[in-house]
Amino acid sequence: MYRLIGILFSAALGGGLVYFSLQYHLVRADEGFLVVPKRNAAFSEIYVDVREWSPLEWERHPALVEGLVRHGRGDIVRTSAGRSLFRGLFDRFDPSAADALRKR
């Protein structure tokens, strides 16, 4: 009896994880983790760490950007892209300033 309960529990847990990975992005941002609904059900971009993304990287993931904006978290896109832009500027002029900005 305990084996049957274990098998049913495992199947339900696995099904729940599959459903979650099809329907949501798990986004790691500076302020923590966010769960953002996906536009289309797919096994892509299940877990995404956006803390160090450049504007070019944001362009490669338009579905994620749309999901963040629809979810009311478009500020994450702007903050990450702006920080990346300033890092590039600091790298050109003073490498120590870029290191200080990376530690934040």
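In this report, the structure presented in the accompanying data block is examined. Keep in mind that what you see is a predicted model, and the values were worked out from it rather than measured.

## Thoughts on the overall build of the chain
Within the chain one finds five helices and three strands. Traced from its N-terminal end to its C-terminal end, the chain shows the element sequence α-β-β-β-α-α-α-α. In the chain, buried positions account for 24% of the 104 residues. Counting only contacts in the chain whose residues sit at least 6 apart along the sequence, the fraction spanning at least 24 positions is 31%. Accessible area for the chain stands at about 7,300 Å²; split by element, carbon and sulfur atoms hold 63% of it.

## Section: the pattern of salt bridges
The final tally for this structure, using the stated rule, is six salt bridges. Ionic pairing is found between D49 and R51, a salt bridge with its closest N-O pair at 2.7 Å. On the accessibility criterion, D49 (29% relative accessible area) is partly exposed. Through salt bridges that share partners, E31, R73 and D75 make up one connected network.

## Remarks on helix 3 (residues 62–70)
For helix 3, every residue scored as buried is listed here: L64, G67 and L68. Projected onto a plane normal to the axis of helix 3, the buried residues spread over an arc of 100 degrees and lie on a single side. In helix 3, the exposed residues that point more than 90 degrees away from the buried face are V69 and R70. One or two steps after helix 3, the chain reaches G72, where phi turns positive at roughly 85 degrees.

## As for the nonpolar core
The biggest cluster of nonpolar side chains holds twelve residues, and these are V27, A29, L34, V36, V48, V50, W53, W58, L64, L68, I76 and V77. Not counting residues up to four positions away in its chain, the partners in contact with L34 are H25, L26, V27, L68, R73 and I76.

## Quick notes on the packing of aromatic side chains
The geometry of an aromatic ring pair is captured by the separation of the ring centres together with the interplanar angle, meaning the angle of the planes. The full count for this structure, using the stated rule, is three aromatic pairs. Over the face of the ring belonging to F33 we find R28, whose NZ or CZ atom lies 4.9 Å from the ring centre.

## Side note on the pairing of strand 2 (residues 32–37)
One ladder, built from six bridges, connects strand 1 (residues 24–29) with strand 2; its direction is antiparallel. Across the sheet, the residue bridging to Y24 is P37, located in strand 2. Between strand 1 and the antiparallel strand that follows it, strand 2, lie two residues.

## Some points on unusual backbone geometry
Phi is positive for E45, which is not a glycine, with a value near 50 degrees. Mapping E45 onto the fold places it in the loop between strand 2 and strand 3 (47–49).

Reading guide: rules and limits
Residues numbered from 1 in each chain as written. Predicted model: local features only at pLDDT ≥ 70, side-chain atom pairs only at ≥ 80, totals over all residues. Heavy atoms only, no water. Helix = DSSP H or I, 4+ residues; strand = E, 2+ residues; numbered from the N terminus. Buried < 20%, exposed > 50% of the residue type's maximum accessible area, 1.4 Å probe, protein only. Contact = heavy atoms within 4.5 Å. Areas by Shrake-Rupley, 256 points an atom, 1.4 Å probe, with all protein chains shown as cover. Salt bridge = Lys/Arg side-chain N within 4 Å of Asp/Glu carboxyl O. Arc of directions from axis to C-beta. Core = buried A, V, L, I, M, F, W, Y, C linked by side-chain atoms within 4.5 Å. Phe/Tyr/Trp six-rings, centres within 6.5 Å; stacked < 30°, edge-to-face > 60°. Lys NZ or Arg CZ within 6 Å of the ring centre and 35° of its normal. Pairing = 2+ DSSP bridges.

By themselves, these are just geometric observations and shouldn't be taken as functional.
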